[in-house]
Amino acid sequence: MSKGFYRQLAKTNMKKNGKIYTPYILSVIAAVAMFYIIQSLALNPGFENMLGFDTMNSILIFACWVVRIFLVIFMLYTNSFLIKQRRKEFGVYHMLGLEKKHLAITLFWESLSVLVIGLLAGILFGMLLDKLLYAVLIRMLGFSVPLGFFVSPLAIGHTVVLFAVIMALNYFYDIAQIHATSPIELLHGTDMGEKEPRAKWLLAILGFILLATGYTISLKIEDPVSALAMFFVAVLCVIFGTYLLFTAGSIALLKLLKKKKSFYYKTNHFVSVSGMMYRMKRNAIGLAHICVLSTMVLVMISTTSSMMFSMHDILYTRYPMQNMCYVSGTSRSDDQKMIEAIHQMAKETGCDVKDEIYVRGCIIYTRRHGDAFEADASAMGTSAGVLFCMNLEDYNKSMHTKETLEPGEVLVYAAHERYGKDMIEIMGQDYRAKEVKKAPCNGILASYMSSGYYIVFPDEAAVEQIAEHIPYQYDDCFNELRSYYGIDIDGDADQQKELYKKIQKYPSTNMSSFSVENRNVNEKSLNALYGGLFFTGAFLGVLFMIATVLIIYYKQMSEGYDDRKRFHIMQQVGMTHEEVSSAIRSQVLMVFFMPLVAACIHTCFAFPMIRRMLSLFNMRNTALLAGCMVGCFVVFGIIYVLVYLMTARTYNRIVQE
């Protein structure tokens, strides 16, 4: 046979199987476009001159790898559905004289056609959307949108290589399926494998244990840093637990219902339980995919949107003053000279001082055991507590309060979580803890990932006594007191920038170290971080949502072909048309909405851990996070229902053929 015959046969096959090939080709085009866009954004030179470029670039590169891994898994899944629906077709060709090697050649031309169409249409579509999404991202970060049209040859190359590999994997999988199946099995197609599924109790129990472990980690871990470290462990437990419960747990539950004779041997229950058992056998993996993808959409979009909406609060938590100076190696008199000099600088810029804070204290890295904090140099950069010790006079002046302390009492402010205890032990000394709701210059501890606490002692002598016992492992001058001075002025953005530049030039020779932070300068970096996270979350959310819709479509088609035969069989054994329709409809509804309910449960259990993790990014508005999660679930639920209504038409049409 000539090569032209196989090409023509491949073309004919794709036309005849338009119902299943069209969504498959569209999914390839969408996948190519999505990957090209994220790859092009990561390589776009327009970001290089932006403040926060490194942060934005790192986020986009991470997103590229997430999309790569996801697309490989997703395209393998969609192809497996395609090859399953064509088994009978291949069996007919084989019975008509085509050998398996001839089928392999035909499949090669089909795969090549899909690859070429997907790459050409997908990259073209991606180029059209690339500029739009680039403009959206730039505006989101607060920069002006540059003109011009950027086409990345490297992004095109990466896209071609990735999808060539994916289509090659799909092709070899298809060939393996054909060669491992006898002609008779191919001819029977999707009718094969209709034996009653067996209950796999060990896998069901393991799935329950994994799911319970993931939920327990989320509920029990209190420390934000530990929550961040254990988040991926919890995610993996929930994902594997979900797959095992959908595949093995559902069958085990239905087997238990079947053994209960008083329940099972009733018309409605008999049909529903038996039908659900076979339905879950065929569709459990797809349902688990939908559940996991739905959970990803809800978690990513709700968390990143809540961070974006709370940008103002996050900025002012991290930078409570317009300018913040950090000084070491000075005395109070040296600090006073610095303050007077900064006041003079403010006058020179033509503005007045609106507010200021000044505190003098020390930072201690500690290990916490209950209500006891013990200094430990090795705790730097871990989840241990960081204490910032200061005196009561500085606290009251800075906060404009009139707090008092009894002997043996200290004020305690927790930067991330409430302290919540009546006593506190610091380096072996017990104090009564009087918790307060605010503290000066809390941007210092807000920048730490560790749990931060402000400890206010009655006088500076008590602070110096604590500082003397700090281990010297940190550095030679770590146990000396350090000064923190913040100032707000009533000037405009140019005056604030001018004052910031003047303060940067102040450092004198008697200082061990001097640094200054400016809120306006660092706002761009924060925008790059949180704007980039929001864009990436929204982008991946849309990608996963598209994948969810396509999987639902494939699932509905697959169930339609299976239920068409079952529909006629149940009528032949005496059930009425209405009874059959009612039984199948109830099963389809239950199966269809099961992943959505499970995703909602997963998201609710993930809420405590997500809340603690977001506190590391200074996002502590629990009500906003809860509102975003509820809003995302409502919107996603509406989309989910609309997808069901649309795909139900395809299902009904197939069943009634």
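Residues numbered from 1 in each chain as written. Predicted model: local features only at pLDDT ≥ 70, side-chain atom pairs only at ≥ 80, totals over all residues. Heavy atoms only, no water.

Chemist: Got a minute to help me understand the overall build of the protein in this structure?
Modeler: Check the secondary structure of the protein and you find 20 helices and ten strands. Among the 657 residues that make up the protein, the fraction classed as buried is 53%. In the protein, 82% of the contacts between residues at least 6 apart in sequence involve partners at least 24 apart. Element-wise, carbon and sulfur atoms account for 63% of the exposed surface of the protein, whose accessible area totals about 30300 Å². (Helix = DSSP H or I, 4+ residues; strand = E, 2+ residues; numbered from the N terminus. Buried < 20%, exposed > 50% of the residue type's maximum accessible area, 1.4 Å probe, protein only. Contact = heavy atoms within 4.5 Å. Areas by Shrake-Rupley, 256 points an atom, 1.4 Å probe, with all protein chains shown as cover.)

Chemist: Explain the pattern of salt bridges here, please?
Modeler: Between side chains of opposite charge, pairing is possible as soon as their charged atoms come close. The final tally for this structure, using the stated rule, is eight salt bridges. Put simply, Arg-332 and Glu-460 hold a salt bridge, and the shortest N to O gap is 2.4 Å. Taken together, the positions of Arg-332 in helix H13 (residues 332–348) and Glu-460 in helix H16 (residues 460–468) put the pair 128 residues apart, joining distant regions of the chain. Taking relative accessible area as the criterion, Glu-460 reaches 18% and is therefore assigned buried. Among the salt bridges present, the one from Glu-403 reaches Lys-434, with a minimum N-O distance of 3.3 Å. Of the two residues, Glu-403 sits in the loop between helix H14 (392–399) and strand E5 (409–414) while Lys-434 sits in strand E7 (residues 429–435), which places them 31 residues apart along the sequence. Residue Glu-403 is classed as partly exposed on the basis of its relative accessible area of 24%. Exposure remark for Lys-434: the relative accessible area of 27% places this residue in the partly exposed category. Each of the salt bridges in this network shares a partner with another, and the network as a whole consists of Arg-332, Asp-335, Arg-360, Asp-394 and Glu-460. (Salt bridge = Lys/Arg side-chain N within 4 Å of Asp/Glu carboxyl O.)

Chemist: What's the story with the packing of H13 against helix H17 (residues 493–504) in this structure? I'm lost.
Modeler: Between two packed helices, both the angle of their axes relative to each other and the distance between the axes serve to describe the pair. Taken N-terminus to C-terminus, the directions of H13 and H17 make an angle of 145 degrees; their axes are 9 Å apart at the nearest point. Considering only the axes of H13 and H17, their crossing is right-handed. Facing H13, whose interface residues are Ile-342, Met-345, Ala-346 and Glu-348, H17 presents Leu-499, Lys-502 and Ile-503. (Axes fitted to C-alpha atoms, helices over the stretch in contact; angles between N-to-C directions. Left-handed = near helix turned anticlockwise from the far one by under 90°.)

Chemist: Explain helix H12 (residues 311–318) here, please?
Modeler: Along H12, the residues classified as buried are Met-311, Ile-314, Leu-315, Thr-317 and Arg-318. Across the axial projection of H12, the buried residues extend over an arc of 165 degrees, all falling on one side. (Arc of directions from axis to C-beta.)

Chemist: I'm lost on the packing of helix H2 (residues 18–43) against helix H6 (residues 153–179) in this one. Help?
Modeler: Two numbers describe how H2 lies on H6: the axes approach to 9 Å, and their chain directions differ by 145 degrees. Here H2 and H6 pass one another in a crossing that is right-handed. Two secondary-structure elements touch here, H2 through Tyr-24, Val-28, Ala-31, Val-32, Phe-35, Tyr-36, Gln-39, Ser-40 and Leu-43 and H6 through Leu-154, Ala-155, Ile-156, His-158, Thr-159, Leu-162, Phe-163, Met-167 and Asn-170. Taken together, the residues of the contact of H2 with H6 break down into 13 nonpolar, five polar and no charged. (Nonpolar A, V, L, I, M, F, W, Y, C, P; charged D, E, K, R; others polar.)

Chemist: Is there a simple way to think about the packing of aromatic side chains in this case?
Modeler: One pair of aromatic rings is described through two measures. These are the centre distance and the angle between the planes. Counted according to the given criterion, the structure contains 17 aromatic pairs. For the ring pair Phe-231 and Phe-232, a centre distance of 5.5 Å and an interplane angle of 75 degrees mean the geometry is edge-to-face. What makes Phe-231 buried here is its relative accessible area of 18%. Looking at Phe-232, the relative accessible area reads 55%, which means it is exposed. Relative to Tyr-453, the ring of Tyr-419 has its centre 6.1 Å away and its plane inclined at 85 degrees; by these criteria the two rings are edge-to-face. On the criterion of sequence distance, the pair formed by Tyr-419 in the loop between E5 and strand E6 (423–426) and Tyr-453 in strand E8 (residues 452–457) is long-range, its members being 34 residues apart. Neither residue differs from the other here; Tyr-419 and Tyr-453 are each classed as buried. Pairwise contacts between aromatic rings join Tyr-326, Phe-388, Tyr-413, Tyr-454 and Tyr-484 into one cluster. (Phe/Tyr/Trp six-rings, centres within 6.5 Å; stacked < 30°, edge-to-face > 60°.)

Chemist: Any chance you could explain a nonpolar patch on the surface here in plain terms?
Modeler: Taken together, Val-630, Val-634, Ile-638, Val-641, Leu-642, Leu-645 and Met-646 make up a surface patch of nonpolar side chains, about 640 Å² in accessible area. On the basis of relative accessibility, which here comes to 33%, the residue Val-641 falls in the partly exposed class. (Patch = residues over 30% accessible without salt bridge, like charges linked within 9 Å, V, L, I, M, F, W, Y side chains within 5 Å.)

Chemist: Can you help me understand the pairing of E8 in this one?
Modeler: Every regular strand shows the same layout, with side chains that alternate between the two sheet faces. Most of E8 is tucked away: six of the six residues are buried. The pairing of strand E4 (residues 386–391) with E8 spans six bridges and is parallel. For Val-386, the partnering residue across the bridge sits in E8 and is Gly-452. (Pairing = 2+ DSSP bridges.)

Chemist: Is there a simple way to explain the pairing of strand E2 (residues 353–369) in this structure?
Modeler: Relative to strand E9 (residues 482–489), E2 runs antiparallel, the two sharing eight bridges. Paired with Val-359 across the strands is Tyr-484, a residue of E9. Pairing analysis gives four bridges linking E2 to strand E3 (residues 372–375), with the strands arranged antiparallel. Bridge pairing links Arg-368 to Phe-373 in E3.

Chemist: What is the right way to read the nonpolar core from this model?
Modeler: Nonpolar side chains in soluble globular proteins tend to be buried together. Residues Tyr-24, Leu-71 and Phe-163 are the most contacted members of the largest nonpolar core, which totals 65 residues. Once you skip the residues sitting within four places of it in the chain, Tyr-24 turns out to touch Met-75, Thr-78, Asn-79, Leu-82, Val-114, Met-167, Asn-170 and Tyr-554. (Core = buried A, V, L, I, M, F, W, Y, C linked by side-chain atoms within 4.5 Å.)

Chemist: Hey, could you run me through H2 in this one?
Modeler: Residue pairs three or four apart in sequence face the same way in an α-helix, which turns once every 3.6 residues. Along its 26 residues, H2 runs 37 Å from first to last C-alpha, staying within 8% of the 38 Å computed at 1.5 Å per residue. Summarising burial for H2: 20 of the 26 residues are buried, a large majority. (Expected span 1.5 Å × (residues − 1).)

Chemist: Help me understand the environment of Val-412, please; the structure alone is not making it clear to me.
Modeler: Structurally, Val-412 is set in strand E5. As for Val-412 and Phe-457, which are separated by 45 residues in sequence, their C-alpha atoms are 9.4 Å apart.

Chemist: Explain the environment of His-400 here, please?
Modeler: By secondary structure assignment, the location of His-400 is in the loop between H14 and E5. For His-400, a relative accessible area of 59% puts it in the exposed group. Spatially, the C-alpha atom of His-400 lies 9.6 Å from that of Ile-357, the residues being 43 residues apart in sequence. A polar atom in the side chain of His-400 sits 3.5 Å from the side chain of Asp-355. (Polar contact = N/O pair within 3.5 Å; in protein donor to acceptor, adjacent residues only side chain to side chain.)

Chemist: Where do I start with unusual backbone geometry in this structure?
Modeler: For residues that are not glycine, phi is negative in most cases, and the peptide bond is trans in most cases. Positioned with a positive phi, His-400 is a non-glycine residue whose angle comes to about 55 degrees. Positive phi is not limited to glycine here, since Met-427 has a value of about 50 degrees. Tracing the backbone through its elements, the reader meets Met-427 in the loop between E6 and E7. A relative accessible area of 26% means that Met-427 is categorised as partly exposed.

Chemist: Please clarify how the environment of Pro-320 should be interpreted in this entry.
Modeler: Within the secondary structure, Pro-320 is located in the loop between H12 and strand E1 (323–328). Once the C-alpha coordinates of Pro-320 and Arg-519 are considered, the two residues, 199 residues apart in sequence, prove to be 8.0 Å apart.

Chemist: For this particular structure, what's the right way to read the side chain of Asn-396?
Modeler: Looking at the element boundaries, Asn-396 is found in helix H14. On the basis of relative accessible area, Asn-396 is assigned to the buried category, the value being 14%. Dropping the residues within four chain positions of it, Asn-396 is found in contact with Thr-401, Lys-402 and Glu-403.

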